[in-house]
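Inside the fold
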Amino acid sequence: MLGSSRDVAVGTIAVASLLIPSMLGKEINPVDHQEEYISLVFTATFFSGVLQAALGFLRLGFIVDLLSHATIVGFMGGAATIVCLQQLKGMLGLVHFTHHTDIISVMHAVFSQTHKWRWESALLGCCFLSFLLLTRYYSKRKGAFFWINAIAPLTSVILGSLLVYFTHAEKHGVQVIGHLKRGLNPLSLDKLAFRSPHLMMAFKIGAITGIIVLAEGVAVGRSFAVFKNYHIDGNKEMIAFGLMNIVGSFTSCYLTSGPFSRTAVNFNAGCRTAVSNIVMSMAVMITLLLLTPFFYYTPLVVLAAIIISAMVGLINYEAAFHLFKVDKFDFIICIGAYLGVVFGSIEIGLVNAVTLSLIRLLLVLARPKTVTLGNIPNTMTYSNTEQYPLAERVRGVLILQINSSIYFTSENYLRERILRWVYEEEERIRSSGETSLQYLILDMGAVASIDTSGIRMLEEVKRTMDMKDLKLALANPGSEVMKKLYKSNFIEAIGQDWIYPTVAEAADACSFALPTSKRNSMGEDRTTQQENV
């Protein structure tokens with residue numbers, strides 16, 4: 001029930017705090033329809049929990065892997081940018097603001113109200129934002145002082161509240177939180193809006209946010225598990241997160257996961273088990289019961305500064321630069337997600353990133369790489385001739401390695417590519433005057449699976465090789481591939497003797513048989529000449 005991670009600290013995360021209000025706020029105004037808005041938040045949380053738990057129970061956690069690292073970097077960076085811009089409302093002391101999340105609408109809302117900007121609020125916000133960013137920078141430079149960054153937000157709230165209290169800044173344009181209800185959250189089971197006309201929207205929000213925060217929570221747990229050299233079960237984590245959010249929706253809570261910052265504090269504080277979450281929940285309960293009156297004078301501008309400082313950490317430009325340097329397509333996926341969120345919406349950014357990721361996956365499946373292999377001198381190793389120029393080609397033998405599973409998406413491409421390799425090898429041999437091509441060896445070691453279209457492709461290649469009077473051999477096919485080749489009678493067609501466990505054995509067998517084949521061919525030519533005479 002507590003999951004398998006010893007370090008994850010449960011709590012709200014920035015992405016969920018952004019996604020739910022930004023997506024729900026487009027349909028329901030939280031000020032004019034507060035009760036309905038809150039009910040839909042709880043309902044979305046419930047659906048998120050159900051989805052997360054179901055993924056864990058059904059062991060379908062691989063679905064989360066569709067959100068690649070590049071997608072997460074771009075998506076979170078775009079979301080953080082929008083959140084930072086939306087906090088200009090609090091920083092500038094604005095009362096009315098847009099509910100849209102695209103950058104054009106946000107900037108229009110800011111600069112169309114320049115006459116309503118409050119310099120007192122802006123000055124106070126800049127001061128606290130500078131303080132928070134400096135503490136973050138110092139904590140990163142001096143790892144032993146991580147606690148400075150951890151207590152900086154609370155320190156800002158206390159200092160800001162005291163400043164407003166003694167200077168009466170709330171009377172001079174600085175907005176404050178005001179009265180907060182004391183006590184624990186009430187039960188909210190009766191507030192779940194299963195009969196609401198916006199039920200499908202709540203389901204969509206719950207599904208999207210649930211998958212995203214689940215991916216982050218599991219990734220955070222795995223990251224910290226590496227430091228302590230233990231393994232976590234992703235499915236157990238999903239079940240724990242899911243049940244937690246289901247129960248949370250019954251007790252006036254919204255979507256929670258395993259935030260990185262809180263987990264880092266938990267890790268550095270020396271936690272040993274997940275019981276640390278119980279201790280933290282007790283501390284939060286005491287705060288709700290006894291300390292809420294002290295937040296009356298907390299200025300909203302300080303909260304805006306805290307949010308901005310947290311969001312800045314989510315804009316991982318270093319990771320984006322690394323993607324550009326290592327893999328340009330991953331960088332395109334990252335930028336697609338970022339621009340989609342910033343100039344469109346959360347949904348558009350997510351769709352952009354997932355679509356580009358699927359296109360890349362399809363390209364990999366449809367265009368598997370094939371390379372020629374050669375023998376490394378004085379070894380039994382056969383390697384890529386382009387990567388290892390010293391690798392020697394086997395005379396009269398073409399060895400091709402297929403570096404992917406063979407499915408219907410790659411059937412035509414592979415057939416054409418293999419025949420192109422054969423044609424180019426024959427041209428090379430003809431121009432160099434070497435022994436004619438006699439054998440084609442396909443290294444199937446990297447082919448984890450094959451479908452019926454792939455088997456048909458091999459049969460067509462076999463027929464083409466027979467027409468060219470070439471022998472086809474397979475090297476190192478996997479067990480699953482062999483089962484399908486047996487069932488399709490391809491093994492019977494090619495002959496059991498032409499299946500080899502390694503490339504080296506296949507190459508040696510072909511090389512040994514090559515001189516015999518050549519002598520037989522020469523003998524047949526001589527007989528033909530005598531008959532003609």
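Not measured: the values here are computed from a predicted model. (Residues numbered from 1 in each chain as written. Predicted model: local features only at pLDDT ≥ 70, side-chain atom pairs only at ≥ 80, totals over all residues. Heavy atoms only, no water.)

Looking at helix α14 (residues 328–343)
Which entries qualify depends on this criterion: Strands are runs of DSSP state E lasting at least two residues, helices are runs of H or I lasting at least four, and both sets are numbered from the N terminus onward. Here the expected length of a helix is defined as 1.5 Å per residue gap, with one fewer gap than residues. The rule is simple: take the accessible area with a 1.4 Å probe, protein chains only, and divide by the maximum for that residue type; under 20% is buried, over 50% is exposed, in between is partly exposed. Here a polar contact means two N or O atoms within 3.5 Å. Within protein one must be a hydrogen donor candidate and the other an acceptor candidate, and residues neighboring in sequence count only if both atoms are side-chain atoms.
For α14, spanning 16 residues, the distance from its first C-alpha to its last is 22 Å, which sits close to the expected 22 Å at 1.5 Å a residue. Within α14, the full set of buried residues consists of I333, C334, G336, A337, G340, V341 and V342. Two or three places before F329, at the opening of α14, D327 has a side-chain oxygen 3.0 Å from that residue's backbone nitrogen.

Considering the confidence of the model for the protein chain
Heads up, the rule is: As a per-residue measure, pLDDT reflects the predictor's confidence and takes values from 0 up to 100. The criterion used for residue contact is that any of the two residues' heavy atoms lie within 4.5 Å.
Mean pLDDT over the protein chain: 83, with 91% of residues reaching 70 or higher. Predicted confidence is poor over residues 516–533, with pLDDT under 50, and the contacts of this stretch with residues over four places away or in other chains come to 3 contacts.

Section: the packing of aromatic side chains
What counts is decided by this rule: Classification of ring pairs rests on two measures: the distance between centres of Phe, Tyr or Trp rings, Trp counted by its six-membered ring, which must be within 6.5 Å, and the angle between planes, read as stacked under 30 degrees, edge-to-face over 60 and tilted in between.
The full count for this structure, using the stated rule, is 11 aromatic pairs. For the ring pair Y296 and Y297, a centre distance of 4.9 Å and an interplane angle of 75 degrees mean the geometry is edge-to-face. Looking at Y296, the relative accessible area reads 38%, which means it is partly exposed. Three or more aromatic residues joined by ring pairs make a cluster, and in this case those are F46, F47, F194, F203 and F250.

Notes on the pattern of salt bridges
Oppositely charged side chains can pair when the atoms bearing their charge come close. Heads up, the rule is: A pairing counts as a salt bridge when a side-chain nitrogen of Lys or Arg comes within 4 Å of a carboxyl oxygen of Asp or Glu.
Here the structure, examined in full by the defined rule, presents 12 salt bridges. Across the pair K468 and E426 runs a salt bridge, and its minimum N-O distance is 3.5 Å. With K468 in the loop between α17 (452–467) and β5 (471–475) and E426 in helix α16 (residues 411–432), this residue pair connects regions lying 42 residues apart in the sequence. By relative accessible area, which is 37% here, K468 ends up partly exposed. The exposure class of E426 is buried, given its relative accessible area of 17%. Across the pair E427 and R430 runs a salt bridge whose closest N-O atoms are separated by 2.7 Å. Linking E427 with R430, this pair stays in helix α16, spanning 3 residues, or about one helical turn.

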